[in-house]
Every structure is written in C-alpha cells, then in structure tokens.
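Breakdown of the fold
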Amino acid sequence: VTIFMRGFHVSSILLSTTPRLTSSVFISLPLKSSRLYRDHSPNPHIYRSVLFIGHKQKMSATNETPPVVHVKARSQENPSYPPRLQIPDYSVPWSISIQPSYNPPSFTHAAVLANDRTIKEGGWADPSDPKSISVEEWSLREKQSHEGEMKFNTTDGTPINPRGRTGLSGRGLLGKWGPNFAADPIVTRFKPGEDGDTKKTLQMVAIRRSDTGSWAIPGGMVDPGETVSQTVQREFSEEAGNLADDPQKAESFKKLTEQLFQNGTVVYEGYVDDPRNTDNSWMETSAIHFHCSDELGKMLPLHAGDDAVGVAWIDVCDEDERFHCLYASHKEMVLTAAKNLR
C-alpha cells in the first residue's frame, strides 16, 4: 500500500489482511534513508511517526531517534532454545497491540531450574516464582540497570523486557529474572609487522563460544559482590588465558594482563541484543576498551578456556567473517571502541 499525505510519501506499509481486524501499524522512518519520502523540513534528522488506526491518521514529529529494535533476541541462534513465536519488527514494542493476543511459548532451561539459590547451596539462579524476590532486591537490580524503571506483568509478577517482545517467555538460559549483568573487555592491538604502513590493521581478542559457535568478546557474568573491573580481568584470564599446564607462561600472562587492565575506557553500558534474551530476562553489559601497546600486543599469549572452543586475534573489519558475524551486540561495541582510537 502506498499512501500520500500532505506532501510526503511513505511506501511499503504493512496492513492487517484479516477482514475483521482493525489495521494498526506504527511506522518510524528517517528522512535521510527513504528515497521516496519528500518533506521540506530544514532538519534532516527529524523523524516522522505515522499511526494508522482504521481510517484515522495521526502524524507527529520528534527529534528523538527511535530505539533500535532487537533482532538477535528474536533469533534461533542458540540451539538450546525452542522455536520462538515469530515477531515482525513493527510488532516488537509493547505499545503495539497484537491480535489475536500475544501468547509466546515459555522456556526456562533445566540448568537454571537446578541452580535455584533457594534450594541449592551456591546456586546462581533466581527462584521460579519472581514474586518471592524481595522488594529490596528488585530495587537494587533496577538501580544497577541502565534501562530505567523496571515494569512487571500484573498477573504473574514477571519483569518485562524493556526493548519489547522476543517471542519467548520465561528465563531461557539466564539465571536472573529481569536484567542479567555482564562485563565485556574489548582488548585491541594494531597488527604486528605493519610498522611501516600508513594505515594499520586493528585487531581484537575474540573467543569462539561453545554454545552457538559464534566469535565473541571474552566477557561473562558479574559475580555477586564483584566489581565490573574485577569481572573483565577475571573473565579475560579465564577465557583467553588458560595456561594452567604451563606455570611460567601463566605467570607471564598474569603480569601482562595486570599491566593492560590498569586503564580502560567504558564504551557502552546497557541492553545487549543477545540470543539468550526472553520477554522476562535479558542481558545488560558494561563494555570496557583496553588497547595494547605494540610491545604488549606482540607478547600477549592466547589460550582458550572452558567456556570457549577457540581464541584468536581477529581483524576489526567485515572482510574477516568472524568479526562480521560477531555475537550479540558485540560488533557495535567494538566499532565504538575503534572510533575512539582514531
């Protein structure tokens, strides 16, 4: 359907094909990315939001960029997950009503249920009933979260994913209801042997995940009572520095990483478009960039740990397939770090 309205042109609008349902679609298009959109606004960054309800039309303008719709959180990248209910982009926001009613499958992995901290000593997962979690604990999570005020379902007390529908309820492989906090150390260097080149190749340390096979930043969950800075160093050592069989190299790795992690730059804090996310549990992270000196970059040995099946220096460019298909939102985080070096 193509609709003209007061001088501007919106094409390829999806409308409901069910005769008895009212057609309702929310569309947000950047002017600069639509070749068919005509508008005389002096500000090319203004977004026009058009809401069609039956035959009524309403238009508004805002200078705010619409939130990015999560994609990998709706995917089947994780082989442990059952098929998700397929959600098109325009139906992801909770503000959009879905007819018939939205009723996704529920899934919480057996490993999560087996580690219920109220049943198992040393368990890392929340109890099955989110209503049993104290108000104080919810308040602490909300304070730690970078996504603002948490919202909950009034029927069962489950928290609601702030970025919208994922096509799956429950917790999946995530232990916590609501935000699950991680830390991701982005470790980079300029490729050795290119000292004479005017344009050096930036590389990053990446691990190959054992669950999905994707290459990723060697990060992990923030343990209780642990700071983010402690987590990034611990996770990097565990996932990229598994040198238990060589004490001499292990000691050298420890000294090098202690030097590396003295100074870091936070490049991102917030929601992660992670294939483990559900409607009720999601990943948030603090991504911190550490750049190696030329000397340190040449000396740093890499050996995969228990949570990884491989570790390598990979080029930060789409020509490297490992980087092009980097896990979750990791590619965007690394590109932000790369911009800071220029």
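The preceding data block contains the structure.
Everything in this summary refers to the structure shown in the same document. (Residues numbered from 1 in each chain as written. Predicted model: local features only at pLDDT ≥ 70, side-chain atom pairs only at ≥ 80, totals over all residues. Heavy atoms only, no water.)

Overview of the nonpolar core
The cut-off we apply is this: We define the nonpolar core as a collection of buried residues of types Ala, Val, Leu, Ile, Met, Phe, Trp, Tyr and Cys that are connected through side-chain atoms lying within 4.5 Å of one another. Residue burial is assigned from relative accessible area. The probe radius is 1.4 Å, only protein chains are included, and a residue is buried under 20% of its type maximum, exposed over 50%, and partly exposed in between. Where helices and strands are cited, they refer to DSSP runs of H or I of at least four residues and of E of at least two residues respectively, numbered from the N terminus. By the convention used here, residues are in contact when the closest approach between their heavy atoms is within 4.5 Å.
One finds Ile 186, Met 204, Ile 314, Phe 323, Leu 326 and Val 334 to be the most contacted residues of the largest nonpolar core, which totals 24 residues. Elements that contribute at least two residues to this core include exactly strand 8 (178–190), strand 9 (202–209), strand 10 (215–216), strand 12 (265–272), strand 13 (281–291), strand 14 (308–315) and helix 7 (330–341). Residue contributions to this core peak at four residues, all from helix 7. In this structure, Met 204 is in contact with Val 187, Thr 188, Ile 217, Ala 312, Trp 313, Ile 314, Val 316, Phe 323, Leu 326 and Val 334, ignoring residues within four places of it in sequence. By size, the runner-up hydrophobic cluster in this structure holds 17 residues, among which are Ala 183, Val 205, Leu 296 and Leu 300.

Examining the packing of aromatic side chains
Within a pair of aromatic rings, the relevant descriptors are the distance that separates the centres and the angle that separates the planes. The condition is simple: What counts as a ring pair is set by centres within 6.5 Å for rings of Phe, Tyr and Trp (its six-membered ring), and what kind of pair is set by the plane angle: stacked under 30 degrees, edge-to-face over 60, tilted for all other angles. When the NZ atom of lysine or the CZ atom of arginine is within 6 Å of a ring's centre and also within 35 degrees of its normal, the charge is said to sit over that ring.
According to the stated counting rule, one finds four aromatic pairs in the structure shown. Here Trp 138 and Phe 152 contribute two aromatic rings whose centre-to-centre distance is 5.0 Å and whose plane-to-plane angle is 75°, an arrangement assigned as edge-to-face. Here Phe 152 lies in the loop between helix 2 (135–144) and strand 7 (169–172) and Trp 138 lies in helix 2, a separation of 14 residues in the sequence. For Arg 165, the ring lying beneath its charged end belongs to Tyr 102, and the centroid distance is 5.0 Å. Just above the ring of Trp 215 sits the side chain of Arg 322; from NZ or CZ to the centre is 5.5 Å.

Some details on the side chain of Arg 84
To keep it simple, the criterion reads: Under this rule, positive means Lys or Arg and negative means Asp or Glu; His and the chain ends count for nothing. Salt bridges are counted wherever a side-chain nitrogen of Lys or Arg sits within 4 Å of a carboxyl oxygen of Asp or Glu. Here a polar contact is recorded for every N or O atom pair within 3.5 Å, except that within protein the pair must consist of a potential hydrogen donor and a potential acceptor, and residues adjacent in sequence are included only if both atoms are side-chain atoms.
Tracing the backbone shows Arg 84 in the loop between strand 5 (56–62) and strand 6 (106–108). Of the side chains bearing the opposite charge, Asp 279 lies closest to the buried Arg 84, which forms no salt bridge; the N-O distance is 6.0 Å. Of note is the side chain of Arg 84, whose polar atom sits 2.9 Å from the backbone oxygen of Ala 73. Not counting the four nearest positions on each side in its chain, Arg 84 is found in contact with Ala 73, Arg 74, Ser 75, Gln 76, Thr 166, Gly 167, Leu 168, Pro 275, Arg 276, Asn 277 and Thr 278.

What to know about the environment of Thr 336
Relative to the assigned elements, Thr 336 resides in helix 7. Classification of Thr 336 as partly exposed rests on a relative accessible area of 31%. Sequence separation between Thr 336 and His 289 is 47 residues, and the spatial gap between their C-alpha atoms is 9.4 Å.

Quick notes on the pairing of strand 9
The condition is simple: In short, DSSP must find at least two bridges between two strands for them to pair.
Across the eight residues that make up strand 9, a large majority, seven, are buried. Note: strand 8 against strand 9, three bridges, orientation antiparallel. From the neighbouring strand, Phe 190 faces strand 9, where its bridge partner is Leu 202. Relative to strand 10, strand 9 runs antiparallel, the two being bridged by two bridges. In the sheet register, Arg 208 faces strand 10, and the bridge partner there is Trp 215. Hairpin remark: strand 9 followed by strand 10, antiparallel, with five residues in the connecting loop; positive phi at Gly 213, about 85°.

Re the environment of Ala 125
In this structure, Ala 125 sits in the loop between helix 1 (110–114) and helix 2. We classify Ala 125 as buried; its relative accessible area is 0%. Residues within four places of Ala 125 in sequence aside, it is in contact with Val 112, Asn 115, Asp 116, Arg 117, Arg 171 and Gly 175.

Let's talk about the pairing of strand 8
Two faces, one strand: in a regular strand the side chains alternate between the faces of the sheet. A large share of strand 8 lies buried, amounting to twelve of its 13 residues. Relative to strand 11 (residues 220–221), strand 8 runs antiparallel, the two being bridged by two bridges. Opposite Ala 183, over in strand 11, you have Gly 220 as the bridge partner.

Re helix 4 (residues 247–260)
Heads up, the condition is: Expected helix span is taken as 1.5 Å per residue step, with the number of steps being one fewer than the number of residues. Within this analysis, the arc is defined by the directions that extend from the helix axis to the C-beta atoms.
Relative to the 20 Å expected for 14 residues at 1.5 Å per residue, helix 4 spans 20 Å between its end C-alpha atoms, a close match to the ideal helical length. All of the buried residues in helix 4 are Phe 253, Leu 256, Thr 257 and Leu 260. For helix 4, the arc enclosing every buried residue in end-on projection is 95°, short of the 170-degree limit, so these residues lie on one face. Relative to its buried face, helix 4 has exposed residues pointing more than 90 degrees away, namely Pro 247, Gln 248 and Lys 255.

Description of the side chain of Asp 315
Here Asp 315 lies in strand 14. Buried charge Asp 315 goes without a salt bridge, the closest partner of opposite sign being Lys 191 at 4.3 Å. The contact partners of Asp 315, leaving out residues within four places of it in the chain, are Lys 191, Thr 201, Leu 202, Gln 203, Asp 320 and Phe 323.

Keep in mind these numbers describe shape, not what the thing actually does.
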